[in-house]
Amino acid sequence: MQQDKHPDYHPVVFRDRAAGYAFLTRSTATSDQTIEWDDGETYPVVDVEISSESHPFYTGKARTVDSEGRVAAFERRYGGG
C-alpha cells in the first residue's frame, strides 16, 4: 500500500444514540468528538442514525407485505382472469 496515496485509516467508534449501542472499528471517517472506550483509550466518535441494533431488518421487526392479498385485490379491481 502506497502511504502517500491513501487516506488515514484509524480506529473510530460508531455510536447509535437511538439504540444506545456503540462499536469500535477502523475507518477513514473523522470527528471532532471523542469518547473513552472500554480499553481506556480515547477514540474519535461518529454518531449514526441507524445501526444493526436499530435497523428493522436486523432486529426482526421488519414488516412483511401480504402479497397474496395484494394480488387478489388487483384481480378484483381489474378483472384478472
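Quick caveat: nothing in here was measured; it's all calculated off a predicted structure. (Residues numbered from 1 in each chain as written. Predicted model: local features only at pLDDT ≥ 70, side-chain atom pairs only at ≥ 80, totals over all residues. Heavy atoms only, no water.)

Asker: Which parts of the structure should I look at to understand the packing of aromatic side chains?
Answerer: When we look at a pair of aromatic rings, we describe it by the centre distance and by the angle of the planes. The tally for this structure, following the rule as stated, stands at three aromatic pairs. Between the aromatic rings of Phe14 and Phe23, the centroid separation amounts to 5.8 Å while the plane-to-plane angle is 25 degrees, which identifies the pairing as stacked. Under the relative-accessibility criterion, Phe14 is labelled buried at 16%. A residue is classified by how much of its surface remains accessible, and Phe23, at 33% relative accessible area, is partly exposed. Residues Tyr21 and Phe23 carry aromatic rings whose centres are separated by 5.9 Å and whose planes lie at 35 degrees to one another, so their mutual orientation is tilted. Taken together through their ring pairs, the aromatic side chains of Phe14, Tyr21 and Phe23 make up a single cluster. (Phe/Tyr/Trp six-rings, centres within 6.5 Å; stacked < 30°, edge-to-face > 60°. Buried < 20%, exposed > 50% of the residue type's maximum accessible area, 1.4 Å probe, protein only.)

Asker: For this particular structure, what's the right way to read the sheet that holds strand 3 (residues 34-36)?
Answerer: Strand order in the open sheet made by the four strands is 2-1-4-3, with mixed pairing throughout. Each edge of the open sheet carries a strand with a single partner, namely strand 2 (21-27) and strand 3. Direction aside, the axes of adjacent strands within the sheet are offset by 45 degrees on average. Pairing between strand 1 (residues 10-16) and strand 2: seven bridges, direction antiparallel. Each bridged residue has a counterpart across the sheet, and for Val13 the counterpart in strand 2 is Leu24. (Pairing = 2+ DSSP bridges. Helix = DSSP H or I, 4+ residues; strand = E, 2+ residues; numbered from the N terminus. Axes fitted to C-alpha atoms, helices over the stretch in contact; angles between N-to-C directions.)

These figures capture arrangement, not role.
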